[in-house]
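# Commentary on secondary and tertiary structure
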Amino acid sequence: MRWINVLLAVALLLQGFKTSMAVQFALLSRLQSLRFNPEYCEARRLKALPYSVYKENHVQLASYQYCNGVLNATIFVFNDGYTKKVDIFCKTTSGFEIMAEAHYAQAFSDGWEVWEVSNAEVGSIKEIEYVKYVFENAVTYLENDYITIPSTLTRTEIEKETSCSIVPTSTSAISLIVTSIASATSTDTISNARPKPTGEQRSPSARPGLAREWRTRTIYQILTDRFARSDGSLTAECITQSKEYCGGTYKGVMDKLDYIQGMGFDAIWISPIVANIEGETPEGYGYHGYWMQNMYDLNPHFGEVDDLKALIDELHRRDMYIMVDVVVNHYGWSGNYTTIDYSKFVPFNNEKYFHPFCFITNYSNQAEVEECWLGDDDVPLVDVDTSLKEVQDEFIFWIEELRSNYSIDGFRIDTLKHVQIDFWDPFQVAMRVYGLGEVFHGDPEYVCQYQGHVDGLLNYPMYYQLLYAFQYPGAKMDVLVSMIEDMQKYCDDVSLMGNFIENHDNPRFGAYTNDPALKRSVIAFTILFDGIPIIYYGQEQDLDGGGDPENREALWLTGYSTDTELYKFIKLCNYVRAASIRNDPHYVIYQTKVIYSDVHTIALRKGSNTTQVITILSNQGVQASARLLVLSNTDFDIGNIVIEVITCTKQTITYKDQLIVHMSGEPRIYINYKSLLGSGVCGL
């Protein structure tokens, strides 16, 4: 046993140095494999992190190992503050049910604990049926997984078929990744291509940017090159059709934080920061940041290392978060794919690190989506082979260093669906902060499958139906009602989804309609619905560019007015949301209820009783006729004084649950006036 203890000591020692997570995990994996050498084994990692707590998911099976009748497992259990009992129930090959008791191991994070089943002799089982959690007030939580246990799978076969990891908790439940130390450290070629770090290493952010903390934030998305210049110019030319760098910088962003914060935003999302294709391509310049060529160097057009660090320091001084866009799926090249010089890519400087050439032609074929290329003959986006262990290790090393060096609070992840889904589990763990993935797709079931592999996702399914319901007066509202139900059905945690109606990939809402009431309605939905609101820069200035590149205007040409109707409306909605969060700790995880809908109207209720927000939206626009709407199911009590925040009119509730709404084409937002005291809204 002495040599096993030596290996354990080495593994723990490495944790004190800047060793990549993959190497640490692999060393621990080898130790675990030495402890168990059965003829038949099954081991799987089901969750790298617990899904965010909601409803009835307070117990979640993280991983298990079943070897010759012995079961080991790790379980995420949410700490509800009660004495609890946690068990795993299995079905034997004879058809009987058998129970294995779990015991507390240690605290995890965000209120979660890790519990373990250690060396439970369960005999010959064919299925893990469910995990059960009962605490002292008799409330029971179940997770039904119905995991089939193969009866003839040997460890050798497992090594070929799956990559399993169990979240490290203690020496009795050590991380298991079925791989070898040799494969985990076989990145010499890539590592040698990695440039030496520039600038001073920074300690991790004092505010870790965990998912639960991002729920309360509202995000202002910035296209770095088009937001603000270092020289403060309000007249510098920027022709969107030219697709050129227009001069936006990190210093420019920092100089305009008052403008952003004045709308009530407490987080920004900036463009990818890494070095892109230099010079002109047949499709313009890489001003947007998505044509990566060197992921270890900064894009010099946006500023130097010190400029980026100064921006982040100033954000943190203001208690604001920074989200950085990252690309994993591809590298960019100017010219036909036959001209690619792979030695120009850092650190993946060899063709072997990329998928063979083929453009995606069938988006219904998931293998093609993941293994073929985006782009075109002029600028092909060379698809990284993320199934390779050395590539995975390098990306994990890179994201760890990126977060640490710049104290980044969160990452937006580009083209998530174009990378195999199991890549994202260890990547999310390595980020150690909130991850917001882009799955450019309208099907909620397809999109929501990625949640749990990363924390949150851009809410594209909701975007399409919100656009459909409001892009012209008189559209039908039923599609939006149905999508609300579908998102709550298919997604693990809608409170971590990112809501938007504009971004750099889609036409601005103003390109569809000039109706100011419809514009205010979609903004109200974006900010006050479940999830994390995202407003695209320029939305507050009523920019109306169409598809790329017209939707990437220079904001300085607007003069940064703080007196536009939409600037003030966004501020109002953000203030209402912030006031609700201050008064109701459960507001952000409370799932919105549709309490009324007709062909052209939807009424939403969000928040606990006494602090709830009632939002009523019409898609009939400014030409709508005035009408009276009597709402039930608001949960307002008799005598409550509520205020409609757009018109600042008060109403005393005279019948329980009943709210009288004077409707037009404008949105209506009601909240208990006590919730607004001290907010500044309507003079309160």
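Everything numeric here is computed off the predicted structure, so don't read it as measured data.

On to the state of the cysteines, then. Summed over all chains, the structure comprises four disulfides. The partner cysteine of Cys448 in its disulfide is Cys491, sulfur to sulfur 2.0 Å. Handedness of the Cys448-Cys491 disulfide follows from its S-S torsion of about -80 degrees: it is left-handed. One end of the pair, Cys448, is in helix H14 (residues 444-448); the other, Cys491, is in the loop between helix H16 (478-490) and strand S21 (498-499), with 43 residues separating them in the sequence. Judged on exposure class, the residue Cys448 and its partner Cys491 are both buried.

Our focus in this paragraph is the pattern of salt bridges. Applying the stated criterion across every chain, the model contains 27 salt bridges. Across the salt bridge formed by Lys84 and Glu113, the nearest N and O atoms sit 3.7 Å from each other. Pair noted here: Lys84 is in strand S4 (residues 84-92) and Glu113 is in strand S7 (residues 112-121), with a separation of 29 residues, a long-range link. On the basis of relative accessibility, which here comes to 14%, the residue Lys84 falls in the buried class.

Of all nine residues making up S4, seven are buried, and the element is well covered by its neighbours. Bridge analysis of S4 against strand S5 (residues 97-101) gives five bridges, and the strand direction is antiparallel. Following the sheet pairing, Phe89 is matched in S5 by Met99. What sits between S4 and S5 in their antiparallel hairpin is a turn of four residues, with Gly95 showing a positive phi close to 95 degrees.

In this section: the sheet that holds strand S27 (residues 641-644). The strands making up a sheet associate through hydrogen bonds between their backbones, and the pairing can be parallel or antiparallel. One open sheet accounts for six strands, arranged S23-S24-S25-S30-S27-S28; its pairing is antiparallel. With one partner strand each, in any of the chains shown, strand S23 (593-597) and strand S28 (649-652) form the two edges of the open sheet. The sheet shows a mean angle of 20 degrees between the axes of neighbouring strands, direction not considered. Pairing geometry for S27 and strand S30 (residues 668-672), over three bridges, is antiparallel. Across the sheet, Ile643 pairs through a bridge with Ile671, a residue of S30. Across the sheet, helix H17 (residues 516-528) is in contact with strand S24 (601-606), strand S25 (613-618) and S30; its angle to S25 comes to roughly 145 degrees.

The end-to-end C-alpha separation of H17 is 18 Å, in line with the 18 Å expected for 13 residues at 1.5 Å each. With 12 of 13 residues buried, H17 is to be regarded as a mostly interior element. Taken as a whole, H17 has its buried residues at Ala517, Leu518, Lys519, Arg520, Ser521, Val522, Ile523, Ala524, Phe525, Thr526, Ile527 and Leu528. Its side-chain oxygen placed 2.9 Å from the backbone nitrogen of Ala517, Asp515 serves as the N-cap of H17.

Using the criterion set out here, one finds 41 aromatic pairs in the structure. On the numbers, 5.4 Å between centres and 55 degrees between planes, the contact of Phe345 with Phe354 is tilted. Phe345 gets classed as buried once you look at its relative accessible area, which sits at 0%. Linked through ring pairs, Tyr331, Trp333, Tyr342, Phe345, Phe348, Tyr353, Phe354, Phe395, Trp398, Phe423, Trp424 and Phe427 together constitute an aromatic cluster. Against the face of Tyr321 rests Arg217, its NZ or CZ located 3.8 Å from the ring centre. The side chain of Lys256 reaches across the aromatic face of Tyr560, ending 4.3 Å from its centre.

Of the two faces of strand S17 (residues 380-383), the one lined by Pro380 and Val382 and the one lined by Leu381 and Asp383 are each fully buried. For strand S15 (residues 330-332) and S17, the ladder comprises three bridges, and the chain directions are antiparallel. Residue pairing in the sheet places Tyr331 in a bridge with Val382 of S17. With two bridges connecting them, strand S16 (residues 374-375) and S17 associate as antiparallel partners.

What counts as what
- Residues numbered from 1 in each chain as written.
- Predicted model: local features only at pLDDT ≥ 70, side-chain atom pairs only at ≥ 80, totals over all residues.
- Heavy atoms only, no water.
- Disulfide = S-S within 2.5 Å.
- Helix = DSSP H or I, 4+ residues; strand = E, 2+ residues; numbered from the N terminus.
- Buried < 20%, exposed > 50% of the residue type's maximum accessible area, 1.4 Å probe, protein only.
- Salt bridge = Lys/Arg side-chain N within 4 Å of Asp/Glu carboxyl O.
- Pairing = 2+ DSSP bridges.
- Axes fitted to C-alpha atoms, helices over the stretch in contact; angles between N-to-C directions.
- Contact = heavy atoms within 4.5 Å.
- Expected span 1.5 Å × (residues − 1).
- Polar contact = N/O pair within 3.5 Å; in protein donor to acceptor, adjacent residues only side chain to side chain.
- Phe/Tyr/Trp six-rings, centres within 6.5 Å; stacked < 30°, edge-to-face > 60°.
- Lys NZ or Arg CZ within 6 Å of the ring centre and 35° of its normal.

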